[in-house]
Amino acid sequence: MSDHGRLMDGTYRWQRHIYDITRKYYLLGRDGLIADLAPPSGGSVLEIGCGTGRNLIAVGKAWPHARLYGVDISQAMLDTAQISVERVGMACRVRLARGDAVDFDPQALFGRATFDRVFISYALSMIPDWEAALQQAALCVAPGGRLEVVDFGQQEGLPGAWRAVLFGWLARFHVTPRPGLAAAVQRLAHSVGGEPSCHSMYRSYAIRGSIAWTEH
Ligand SMILES: C[S@@+](CC[C@H](N)C(=O)[O-])C[C@H]1O[C@@H](n2cnc3c(N)ncnc32)[C@H](O)[C@@H]1O
């Protein structure tokens, strides 16, 4: 495994046990993204950087006919995710695999190259080459599908001191909010012929971006 994989395993070795309860209060916008996914009946949903499986379980409850896939670079997180999906009785609907967001082969990991919905939730801010991860995610979207992203915004609508404290604290967990995220989504949409959409939420605490493809 890469240095980054080892770093993520180290970061989450203990954190994963308190991850879901603590992140509930500050990883904002995840449930809105999940509510908007609306995969086709029997469709497939891939989360890149799926962590503890919290989101995939929520997707499974919101969209009971979807087939679910998760990839993460941290085996520690995947171990927790596997226990969680088994606990809620979703093991037969959720497939998890270890992979690097910038360079994974969904065909080799899951036996399929594309998915109706692909999403990345608060992982781009932890991936050094996050633009490559966005491009890789776009390659995984099926015709007529959609890529959805949620992550930290630049906090422009909040006091400067808040931004300094938040960014300093996030850096301790190897998290860097990406100032160019909206522009990167727009650029990528142009290059792949998709329809982009981006908006800030909660006074730019968080940002949502998406690219929709028409059927071709
Ligand atoms: C802040 S957590 C977010 C987890 C989950 N998506 C959520 O919203 O709760 C970031 C996750 O991204 C994973 N990650 C970081 N870099 C990655 C990479 N290069 N490839 C795949 N996963 C990565 C970490 O291991 C971690 O599980």
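Now for a look at the structure at hand. Note that the coordinates shown come from a computational prediction; the quantities given were computed from them, not determined experimentally. (Residues numbered from 1 in each chain as written. Predicted model: local features only at pLDDT ≥ 70, side-chain atom pairs only at ≥ 80, totals over all residues. Heavy atoms only, no water.)

Examining the overall build of the protein chain
Part 1: Check the secondary structure of the protein chain and you find nine helices and seven strands.
Part 2: On C-alpha atoms alone, the protein chain measures out to a radius of gyration of 16 Å, which is about the 17 Å that the 2.2 N^0.38 rule sets for 216 residues.
Part 3: The buried share of the protein chain, reckoned over its 216 residues, is 52%.
Part 4: Sequence-distant contacts, at least 24 apart, represent 72% of the contacts inside the protein chain between residues at least 6 apart.
Part 5: For the protein chain, the accessible surface area stands at approximately 9900 Å², while carbon and sulfur atoms represent 56% of it.
Part 6: Computing the positive centroid from 22 side-chain charges and the negative centroid from 20, the protein chain places the two 6 Å apart. (Helix = DSSP H or I, 4+ residues; strand = E, 2+ residues; numbered from the N terminus. Rg over C-alpha atoms; globule rule 2.2 N^0.38 Å. Buried < 20%, exposed > 50% of the residue type's maximum accessible area, 1.4 Å probe, protein only. Contact = heavy atoms within 4.5 Å. Areas by Shrake-Rupley, 256 points an atom, 1.4 Å probe, with all protein chains shown as cover. Lys, Arg positive; Asp, Glu negative; His and termini not counted. Charge placed at Lys NZ, Arg CZ, Asp CG, Glu CD.)

Quick notes on the pattern of salt bridges
Part 1: Per the stated rule, a full pass over the model turns up seven salt bridges.
Part 2: One salt bridge in this structure joins D31 and R54, with 3.0 Å as the shortest N-O distance. Linking D31 in helix α3 (residues 30-36) with R54 in helix α4 (residues 54-62), this pair joins segments that are 23 residues apart in sequence.
Part 3: Judged by its relative accessible area of 23%, R54 is partly exposed.
Part 4: Notably, a salt bridge pairs R208 with D36, separated by 3.1 Å at the nearest N-O pair. Highlighted residues: R208 in strand β7 (residues 206-212) and D36 in helix α3, separated in sequence by 172 residues.
Part 5: Under the relative-accessibility criterion, R208 is labelled buried at 8%.
Part 6: Each of D36, R146, E148 and R208 takes part in a single network of salt bridges with overlapping partners. (Salt bridge = Lys/Arg side-chain N within 4 Å of Asp/Glu carboxyl O.)

Focus: the side chain of D72
Part 1: Tracing the backbone through its elements, the reader meets D72 in strand β2 (residues 67-72).
Part 2: No salt bridge forms around the buried D72; measuring N to O, its nearest opposite-charge neighbour R98 is 7.2 Å away.

Focus on the pairing of strand β4 (residues 115-121)
Part 1: The buried count for β4 comes to seven of seven residues, which makes it a mostly enclosed element.
Part 2: Note: strand β1 (residues 44-48) against β4, three bridges, orientation parallel. Bridge pairing in β4 links E47 to F119.
Part 3: Here six bridges tie β4 to strand β5 (residues 141-152), and the two strands are oriented parallel to one another. (Pairing = 2+ DSSP bridges.)

What to know about unusual backbone geometry
Part 1: One non-glycine residue, Q155, lies in the positive phi region at around 65°.
Part 2: With respect to the helices and strands, the residue Q155 is situated in the loop between β5 and α8 (160-171).
Part 3: The phi dihedral of H174 is positive, around 65°, even though this residue is not glycine.
Part 4: Take H174: it is sitting in the loop between α8 and α9 (181-192).
Part 5: With relative accessibility at 35%, the residue H174 sits in the partly exposed group.

Structural notes on the site of the ligand
Part 1: Close contacts around the ligand come from 22 residues, with R30, E47, G49, D72 and S121 the closest.
Part 2: One of the side-chain nitrogen or oxygen atoms of Y19 is found 3.1 Å away from an oxygen atom of the ligand.
Part 3: Within the complex, 98% of the 590 Å² of free accessible area of the ligand lies under protein.
Part 4: In terms of residue count, helix α1 (residues 3-15) provides more of the shell around the ligand than any other element does, three residues in total. (Near = heavy atom within 4 Å. Polar contact = N/O pair within 3.5 Å; in protein donor to acceptor, adjacent residues only side chain to side chain.)

Quick word on the nonpolar core
Part 1: Counting residues in hydrophobic clusters, the biggest one holds 34 residues, and the most contacted among them are V45, V59, L68, Y122, F152 and Y205.
Part 2: Every element with two or more residues in this core is listed here: α1, α3, α4, α5 (75-87), β5 and α8.
Part 3: In this view, Y122 contacts Y26, L27, L28, R30, V150, D151, F152, Y205 and A206; residues no more than four positions away in its chain are not counted.
Part 4: Among the nonpolar cores identified, the runner-up in size contains 31 residues, and Y69, L124, I127 and V185 belong to it. (Core = buried A, V, L, I, M, F, W, Y, C linked by side-chain atoms within 4.5 Å.)

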